[in-house]
Amino acid sequence: QYQTLTLFIQILPFFCEFLRSLSLFFPTNTHNYYSMPTDFTSLRPDIAACGLYCGACRKFRQGKCPGCRDNAKANWCKIRQCCTAHHYSSCADCTLIPLGACKKFNNPIAKIFALVFRSDRPACIRRIREIGYDRYASEMNLSGRQTIRK
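Because the structure is predicted, anything quoted here is derived from the model rather than measured.

Trainee: Describe in detail the side chain of Asp93, supporting the description with residues and values.
Mentor: On the secondary structure map, Asp93 appears in the loop between helix 3 (78–86) and helix 4 (108–117). No salt bridge is formed by the buried Asp93; the nearest opposite charge belongs to Arg129, separated by 7.1 Å. There is a polar contact of 2.7 Å between the side chain of Asp93 and the backbone nitrogen of Ser89.

Right, dumping it as structure tokens:
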């Protein structure tokens, strides 16, 4: 098992480059992945790691909640942990795997959240990729919603 894991770790970067060269990971017509900011310290605090717009939340606007990034109590969130570890602003910056295949983004808690709140977080991430963080925040602020609805 150790040899298999070592071989996998050695081959993975080459395999990812191969897939990138085939454009399997990235749609070529909607987003330039390499232009997205990846410095986790210079993030918009009003956009969560999963793509939700915190700026429409009453507690966030009143200063009672710092949003997911600066919230020490949000350590339970696997999406936030992953974005922090990879220095991503959100899942929109991820170039490792397609969003639909990400087990952290599509975890059971996220699915329950999406069902209860009729939230389409993948649509939020796609929208960030299409128009960028600032325009996404402006759109969501004008709509007064925290998420794109299903």
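Picking up after the structure, the text goes on.
Trainee: Give a detailed account of a nonpolar patch on the surface, specifying residues and quantitative values.
Mentor: Where nonpolar side chains cluster on the molecular surface, the patch consists of Ile112, Leu115, Val116 and Phe117 and spans about 460 Å² of accessible area. Of note, Phe117 is situated in helix 4. On the basis of relative accessible area, Phe117 is assigned to the partly exposed category, the value being 46%.

Trainee: Account for helix 3, naming residues and giving values.
Mentor: Residues three or four positions apart in an α-helix share a direction because the helix packs 3.6 residues into each turn. Listed as buried for helix 3 are Ile79, Arg80, Cys82 and Cys83. Axial view of helix 3: buried residues confined to an arc of 165°, hence all on one face. Elements in contact with the buried residues of helix 3: helix 5 (121–131). Two residues or fewer past helix 3, His87 is found with a positive phi of approximately 60°.

Trainee: Tell me about the side chain of Ser119, and please be specific about residues and values.
Mentor: Relative to the helices and strands, Ser119 is located in the loop between helix 4 and helix 5. Polar contacts involving the side chain of Ser119 include one to the side chain of Thr147, which spans 2.7 Å. Ignoring anything within four residues of it in the chain, the contact list for Ser119 reads Leu52, Phe113, Ala114, Thr147, Ile148 and Lys150.

Trainee: Got a sec to walk through the nonpolar core? Specific residues and values, please.
Mentor: Nonpolar side chains in soluble globular proteins tend to end up buried together. Of all hydrophobic cores here, the largest spans 28 residues; its most connected members are Ile79, Phe105 and Tyr136. The residues touching Ile79, leaving out its near neighbours within four places in the chain, are Ala49, Cys50, Cys91, Lys104, Phe105, Asn107 and Arg121.

Trainee: Could you give me a rundown of a positive patch on the surface, with the residues and numbers involved?
Mentor: Together, Arg58, Lys59, Arg61 and Lys64 make up a positively charged patch on the protein surface. Take Lys59: it is sitting in helix 2 (residues 58–61).

About the thresholds
- Residues numbered from 1 in each chain as written.
- Predicted model: local features only at pLDDT ≥ 70, side-chain atom pairs only at ≥ 80, totals over all residues.
- Heavy atoms only, no water.
- Helix = DSSP H or I, 4+ residues; strand = E, 2+ residues; numbered from the N terminus.
- Buried < 20%, exposed > 50% of the residue type's maximum accessible area, 1.4 Å probe, protein only.
- Lys, Arg positive; Asp, Glu negative; His and termini not counted.
- Salt bridge = Lys/Arg side-chain N within 4 Å of Asp/Glu carboxyl O.
- Polar contact = N/O pair within 3.5 Å; in protein donor to acceptor, adjacent residues only side chain to side chain.
- Patch = residues over 30% accessible without salt bridge, like charges linked within 9 Å, V, L, I, M, F, W, Y side chains within 5 Å.
- Areas by Shrake-Rupley, 256 points an atom, 1.4 Å probe, with all protein chains shown as cover.
- Arc of directions from axis to C-beta.
- Contact = heavy atoms within 4.5 Å.
- Core = buried A, V, L, I, M, F, W, Y, C linked by side-chain atoms within 4.5 Å.
- Charge placed at Lys NZ, Arg CZ, Asp CG, Glu CD.

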